[in-house]
Amino acid sequence: MHKPKIGLALGSGSARGMSHIGVIRALQDMDIHPDVVAGCSVGSLVGASYATSNLDKLEDWAMSMTESKIRTFLSLNFNASGFINANRLQKLFEQTIGLESLMFKDMDRLFGAVATNLSTGKEVWLTQGSVHDALWSSMAFPGLFPSVLHDNKWLVDGGLVNPVPVSLCRALGADIVIAVNLNADIINRYETVDQQQPHSNAQSPATEQSNDKDTFWEKTKSSLQNIISSEDSTIKEPKGFDVISNSIHIMSSHLTRSRLAGEPPDVLLQPRLNNVGLLEIHKAKETIAEGVACVQRMQDEIQFRTSLHKT
């Protein structure tokens, strides 16, 4: 009798992607071990870690992150290559997870990643060759990471075309697809603003007159902090890359709804991650916990859907 293959489609969502770890852990506790994994953006990183039995290493790294450590990956060279020091981050993942020389054919499970052709806007499925190249193509978030030249095509983040790659998961042979959408609640993140709190961007005369080196670096550090989070503001005002990332996530949210309507998974998991920003990996503990909780909320549905294929 044919044993149905269970597929896991892990969606895009920057730091929210650490909840994928919790989802996988919770599924394993239910004795569900996906045979096929398809990932988009951060979902490809978590998916590749799982497909190579390196999920523990990724989780340990995520749990060790602090806001100060995150800032070490931010580049002061604000150029077209992006705000993240990609080389530094790539080397860390290569050392931590061991993906530097890994090829798709050597993985423990079937795996595929989604990227976007920057010239044509078409979806690109990466299922062979270098896993390293596939991951950084899929995660090339506009403005954060540089685009990747792959097979004479410039590739960027797959979330621009297929944020939750159910279609790729089925193409890889999955009979049952469990999909994880990380951006279901992104639109409401800045819904409320406390109008009672004064806020001004004006500088004091003393600040305006000061041009020394210390002042420059203080401003630089403040700018980097605002890229990571806007929580230091007296009001919940989106700043820096919060605006860019949430704009892309809003588009991805609408695109996801459309694609999932036409390519529905058997089970759709939607963690509640409204409080997790673009680079807030330091919230990994609560983010992973929400991944676990999301599976637990859907446990009956998961058991029912997977049992239909076991007869």
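Bear in mind that the values here come from a model prediction, so they are computed numbers and not experimental data. (Residues numbered from 1 in each chain as written. Predicted model: local features only at pLDDT ≥ 70, side-chain atom pairs only at ≥ 80, totals over all residues. Heavy atoms only, no water.)

Student: Any chance you could break down the overall build of the protein chain for me, citing the residues and the numbers?
Tutor: Counting its secondary structure elements, the protein chain contains twelve helices and eight strands. Out of the 311 residues belonging to the protein chain, those deemed buried represent 52%. Sequence separation of at least 24 residues holds for 79% of the intrachain contacts in the protein chain that already meet a minimum separation of 6. Accessible surface computed for the protein chain: about 14,700 Å², of which carbon and sulfur atoms make up 50%. (Helix = DSSP H or I, 4+ residues; strand = E, 2+ residues; numbered from the N terminus. Buried < 20%, exposed > 50% of the residue type's maximum accessible area, 1.4 Å probe, protein only. Contact = heavy atoms within 4.5 Å. Areas by Shrake-Rupley, 256 points an atom, 1.4 Å probe, with all protein chains shown as cover.)

Student: Could you give an account of unusual backbone geometry, naming the residues involved and the relevant values?
Tutor: Even without a glycine there, the phi angle at Ser14 is positive, about 55 degrees. Mapped onto the elements of the fold, Ser14 is located in the loop between strand 1 (6-10) and helix 1 (19-29). Of note in this structure, Asp151 is not a glycine but carries a positive phi near 55 degrees. Within the secondary structure, Asp151 is located in the loop between strand 5 (148-150) and strand 6 (153-157). We classify Asp151 as exposed; its relative accessible area is 58%.

Student: Now, about the packing of aromatic side chains: what can you tell me, with residues and values included?
Tutor: Describing an aromatic ring pair means giving the distance of the ring centres and the angle of the ring planes. For the coordinates displayed, the defined rule picks out one aromatic pair. The interplanar angle of 15 degrees and the centroid separation of 5.8 Å between the aromatic rings of Phe104 and Phe111 together place this pair among those described as stacked. Here Phe104 matches Phe111 in class, with each residue buried. (Phe/Tyr/Trp six-rings, centres within 6.5 Å; stacked < 30°, edge-to-face > 60°.)

Student: How would you explain the environment of Trp154 if you had to name every residue and give the values?
Tutor: Among the structural elements, Trp154 can be located in strand 6. On the accessibility criterion, Trp154 (42% relative accessible area) is partly exposed. C-alpha separation for the pair Trp154 and Ser137, spaced 17 residues apart in sequence, amounts to 8.5 Å. Setting aside anything within four residues of it in sequence, one finds Trp154 in contact with Thr116, Asn117, Leu118, Ser147, Val148 and Leu149.

Student: How would you summarise empty space enclosed by the protein if you had to cite specific residues and measurements?
Tutor: Under the defined criterion, the tally for this structure stands at four cavities of 30 Å³ or more. Taken as a whole, the second largest cavity spans an internal volume of roughly 60 Å³. When residues in the lining of the second largest cavity are grouped by element, the largest group, three residues, is from helix 10 (residues 240-262). Looking at the lining of the second largest cavity residue by residue, the class counts come to four nonpolar, seven polar and one charged. (1 Å grid on protein atoms, 1.4 Å probe; cavity = no way out; pocket = protein on both sides within 12 Å on 5 of 7 lines; lining within 4 Å. Points joined across faces, edges and corners; volume = space filled by probe spheres on them. Nonpolar A, V, L, I, M, F, W, Y, C, P; charged D, E, K, R; others polar.)

Student: Requested: an account of the side chain of His150, with residues and values cited.
Tutor: Checked against the element boundaries, His150 lands in strand 5. If near-sequence neighbours (up to four positions away) are discounted, His150 is found in contact with Leu126, Asp133, Ser137 and Leu155.

Student: Report on helix 2 (residues 42-51), specifying residues and quantitative values.
Tutor: Counting buried residues in helix 2 gives ten out of ten residues, a clear majority hidden from the surface. Regarding helix 2, the residues found buried are Val42, Gly43, Ser44, Leu45, Val46, Gly47, Ala48, Ser49, Tyr50 and Ala51. Remark: Ser53 follows helix 2 within two positions and exhibits a positive phi of approximately 60 degrees.

Student: Let's hear about the packing of helix 1 against helix 3 (residues 55-64): which residues, and what values?
Tutor: Any two packed helices are characterised by how steeply their axes cross, that is the angle between the axes, and by the distance between the axes. Two elements in contact, helix 1 and helix 3, have axes whose closest approach is 11 Å; the angle formed by their N-to-C orientations is 135 degrees. Relative to helix 3, helix 1 is oriented oblique. For the crossing formed where helix 1 meets helix 3, the hand is left-handed. On helix 3, the residues that touch Ile21, Ile24 and Arg25 of helix 1 are Leu55, Asp56, Leu58 and Glu59. Residue composition of the contact of helix 1 with helix 3, by class: four nonpolar, no polar and three charged. (Axes fitted to C-alpha atoms, helices over the stretch in contact; angles between N-to-C directions. Parallel < 35°, antiparallel > 145°, perpendicular 65-115°, else oblique. Left-handed = near helix turned anticlockwise from the far one by under 90°.)

Student: Let's hear about the pattern of salt bridges: which residues, and what values?
Tutor: Taken as a whole and judged by the stated rule, the model has ten salt bridges. The salt bridge partner of Glu263 is Arg259, with a shortest N-O separation of 3.1 Å. Residues participating in the shared-partner salt-bridge network are Arg25, Asp56 and Glu59. (Salt bridge = Lys/Arg side-chain N within 4 Å of Asp/Glu carboxyl O.)

Student: Could you give an account of helix 6 (residues 131-138), naming the residues involved and the relevant values?
Tutor: Within helix 6, seven of the eight residues are buried, which leaves the element mostly enclosed by the surrounding structure. For helix 6, the complete set of buried residues consists of Val131, His132, Ala134, Leu135, Trp136, Ser137 and Ser138. Backbone nitrogen of His132 and a side-chain oxygen of the N-cap are separated by 3.3 Å at the start of helix 6; the cap is Ser130. (Polar contact = N/O pair within 3.5 Å; in protein donor to acceptor, adjacent residues only side chain to side chain.)

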